[in-house]
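Descriptive structure summary
Residue-level listing of the chains:
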Amino acid sequence: MALPMNFGFFPRKVVHLLASFPGQRFVQHSRLAAFQRFMSHHAQYRHAPLQMLTDEERMMKESVSRFAKEQIQPRVKEMDEKSHMDKSIVDALFTNGLMGIEIPDLYGGTNASFFSSILVIEELAKVDPSVSVMCDVQNTLINSLFQKYGTEEQKQTYLTRLAADMVGSFCLSEADAGSDAFALKTSAVHQGDHFVLKGTKLWITNAEHAGVFLVMANAKPTDGYKGITCFIVDRETEGVNVGKKENKLGLRASSTCPVHFDNVKVPESSILGQLGHGYRYAIEMLNEGRIGIGAQMIGLAQGCIDHAIAYTQERKQFGRKIWQFQALQHQIANTATQIEAARLMVYNAARLKEAEMPFIKEAAMAKYYSSEVAAMTTSKCIEWMGGVGFTKDYPVEKYYRDVKIGSIYEGTSNIQLNTIARCIEQELGH
């Protein structure tokens, strides 16, 4: 019996077993059903390929792709030029359930999976990485912190809003606390039944739109970084001031601002989690967040190369489309291969996290490699398009500007390499 067509993702032994099913016909559109039937008969092959999505994940991916193309894409250029996120886009993110993806329906959320969040971040980044990072920070940092460490009262108060109409910001970085994040100087002085926060946070994503800030401040400096505590601070609290937006190279529609806390008085009940555990929470969230940044980078790279390939199939030189030159085909094939490898690394890290398995090394590798591949991709795309690629008439130059942040935020590439090396050392038992 001939082997079934379009089953390249199966091990060859599996393909032969599938072909041996009596009377079974396999066609392209029934791959998932056939695979599921096979899984029910052969338990040893129940480890699905990384890119095989559940029905929920597939529908999420497809719906977000349509949303991004229909509602975001027409506004990308204007938002970039004005360095401003269109309010209609922010509202649409909430309306479509993309700002509370993992929040349980009990609190009005979408009640989907972490992997679904990664797919959403990737799809949005294909069209506009600025919109993608707003969604990323909201889901992988803010919502996750409230879900893991919030009291029931805090969840009822904030998760319901974060799923519906409130943007959140994560306040960690300072002037002297970048890669050395725990050198932060923002203080939280205990006075009676409240704390007084004082300090300035820098490079705060989503600050312009945020209704709530999760602020890392040291409540007991004598304990060093073990005094760092996470505080919930509402935007309207007296003494909270959001500074002028940074005039950035890329991700211009995404707001990045300093946030000043000038003797901000917050109740003891505003502590998220436990006193002195903020440093642990920050490490945990950034480890997860790096998978999100990896998804943003592969989405950005894919969006950029899609535009470039379309151009190479239209542009003619020497009497034929430039796509038809083997030298260019080889460059595109090489780049596409690296994007695919980066995607599999991101998906693997996401699946590990979702399965509650160790993922720190894999997340660091995914973030590091995807940012490197995305940077290479955007540079190559401009080269393939020639002079027009260097102009603002085509979107590739924006991807080129947007991509640089990937090797900087949520842990620089060097920090990722440090993490990877440390994990390798631990695995060796040293």
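Residues numbered from 1 in each chain as written. Predicted model: local features only at pLDDT ≥ 70, side-chain atom pairs only at ≥ 80, totals over all residues. Heavy atoms only, no water.

1. With respect to the packing of helix H6 (residues 114-127) against helix H7 (residues 129-149)
Where we set the bar: For every element, the axis is a line fit to its C-alpha atoms; helices are fit only across the contacting stretch, and the angle between N-to-C directions ranges from 0 to 180 degrees. Numbering of helices and strands runs from the N terminus, with a helix taken as a DSSP run of H or I at least four residues long and a strand as a DSSP run of E at least two residues long. Any angle from 65 to 115 degrees is called roughly perpendicular, while one under 35 is roughly parallel, one over 145 is roughly antiparallel, and all others are oblique. Crossing handedness is read from the near helix: turned anticlockwise from the far helix by less than a right angle, it gives a left-handed crossing, and turned clockwise, a right-handed one. The contact rule is simple, with two residues in contact once any of their heavy atoms fall within 4.5 Å. Under the grouping applied here, Gly and all other residues not named as nonpolar or charged are polar, the nonpolar ones being Ala, Val, Leu, Ile, Met, Phe, Trp, Tyr, Cys and Pro and the charged ones Asp, Glu, Lys and Arg.
Relative orientation of the contacting elements H6 and H7 amounts to 160°, with a least axis distance of 7 Å. On the basis of their axis angle, the class for H6 and H7 is roughly antiparallel. Viewed along their axes, H6 and H7 form a crossing whose handedness is left-handed. On H7, the residues touching Phe114, Ser117, Val120, Ile121, Leu124, Ala125 and Val127 of H6 are Pro129, Val131, Ser132, Cys135, Asp136, Asn139 and Thr140. Of the residues that constitute the contact of H6 with H7, the class distribution is nine nonpolar, four polar and one charged.

2. Things to note about the pairing of strand S5 (residues 228-234)
We apply this condition: Under the scheme applied here, a residue whose accessible area is under 20% of the maximum for its type counts as buried, over 50% as exposed, and between as partly exposed, the area being computed with a 1.4 Å probe on protein chains only. DSSP-based pairing: two strands are paired if at least 2 bridges between them are found.
Extensive coverage of S5 is indicated by the burial of six of its seven residues. When strand S4 (residues 210-218) meets S5, the two strands line up antiparallel, connected through seven bridges. Looking across to S5, one finds that valine 212 is bridged to aspartate 234.

3. What about the environment of glutamine 317?
Within the secondary structure, glutamine 317 sits in strand S8 (residues 316-317). Ignoring any residue separated from it by four or fewer positions in sequence, one finds glutamine 317 in contact with Ile322 and Phe325.

4. A few points about the environment of glutamate 123
Structurally, glutamate 123 is set in helix H6. Since its relative accessible area comes to 4%, glutamate 123 is described here as buried. For the pair glutamate 123 and glutamate 62, spaced 61 residues apart in sequence, the C-alpha to C-alpha distance is 8.7 Å. Those residues in contact with glutamate 123 that lie beyond four places of it in its chain are Lys61, Val64, Ser65 and Ala68.

5. Brief notes about the side chain of arginine 290
The test is simple: Think of it this way: Lys and Arg go in the positive column, Asp and Glu in the negative one, and His and the chain ends go nowhere. The term salt bridge refers to a pairing of a side-chain nitrogen on Lys or Arg with a carboxyl oxygen on Asp or Glu at a separation within 4 Å.
Within the secondary structure layout, arginine 290 lies in helix H9 (residues 278-312). Buried charge without a partner: arginine 290 forms no salt bridge, and the closest opposite charge is glutamate 410, 5.9 Å away.

6. Some details on the state of the cysteines
This is how it is decided: By convention in this document, the label disulfide applies to cysteine sulfur atom pairs within 2.5 Å.
Scanning the entire structure with this criterion turns up zero disulfides. The thiol of cysteine 171 is unpaired, and the distance to the nearest cysteine sulfur, on cysteine 230, comes to 9.3 Å. Cysteine 304 takes part in no disulfide bond, and the closest cysteine sulfur to it belongs to cysteine 381, at a distance of 3.7 Å.

7. Remarks on the nonpolar core
Quick reminder of the rule: In this description, a nonpolar core means a group of buried Ala, Val, Leu, Ile, Met, Phe, Trp, Tyr and Cys residues linked to one another through side-chain atoms lying within 4.5 Å.
Core analysis: the biggest nonpolar cluster contains 72 residues, and Phe146, Leu162, Phe170, Met216 and Ile291 have the highest contact counts within it. Here the element with the most residues in this core is H9; it accounts for 16 residues. Setting aside residues no more than four positions away along its own chain, phenylalanine 170 makes contact with Leu141, Ile142, Leu145, Ile204, Leu214, Met216, Ala282 and Leu286. Met60, Ile72, Phe94 and Ile101 belong to the second-largest nonpolar core, a separate cluster that totals 25 residues.

8. Details of the packing of aromatic side chains
This is how the line gets drawn: Ring pairs shown here join Phe, Tyr and Trp side chains whose ring centres sit within 6.5 Å, with only the six-membered ring taken for Trp; geometry is labelled stacked below 30 degrees between planes, edge-to-face above 60, and tilted in between.
Summed over the entire model, instances satisfying the criterion amount to ten aromatic pairs. Measuring from centroid to centroid gives 5.0 Å for phenylalanine 115 and tyrosine 347, while their planes differ by 70°, and the two rings are edge-to-face. Of the two residues, phenylalanine 115 is situated in helix H6 and tyrosine 347 in helix H10 (residues 326-354); the sequence distance between them amounts to 232 residues. Seen in terms of ring centroids, tyrosine 225 and tyrosine 279 are 4.9 Å apart; in terms of plane orientation they differ by 80°. Their pairing is edge-to-face. Placement of tyrosine 225 in the loop between S4 and S5 and of tyrosine 279 in helix H9 is noted, with a sequence separation of 54 residues between them. On the basis of relative accessibility, which here comes to 40%, the residue tyrosine 225 falls in the partly exposed class. We classify tyrosine 279 as buried; its relative accessible area is 16%.

9. A look at the confidence of the model for the chain
Rules: A score between 0 and 100, pLDDT records how confident the predictor is in each residue.
Overall, the predicted model of the chain reaches an average pLDDT of 91, with 89% of residues at or above 70. Across residues 1-31, where pLDDT falls below 50, the model places 38 contacts with residues more than four positions away in sequence or in other chains.

10. Some words on the packing of helix H5 (residues 87-95) against H7
Each pair of packed helices gets described by two things: the angle between the helix axes and the distance between those axes. Where H5 meets H7, the closest approach of the two axes is 11 Å, and the angle between their N-to-C directions is 45°. In terms of their interaxial angle, H5 and H7 are classed as oblique. Note on packing geometry: the crossing formed by H5 with H7 is right-handed. Residue-level contacts link Ile89, Val90, Leu93 and Phe94 of H5 to Val131, Met134 and Gln138 of H7. Grouping the constituent residues of the contact of H5 with H7 by class yields six nonpolar, one polar and no charged.

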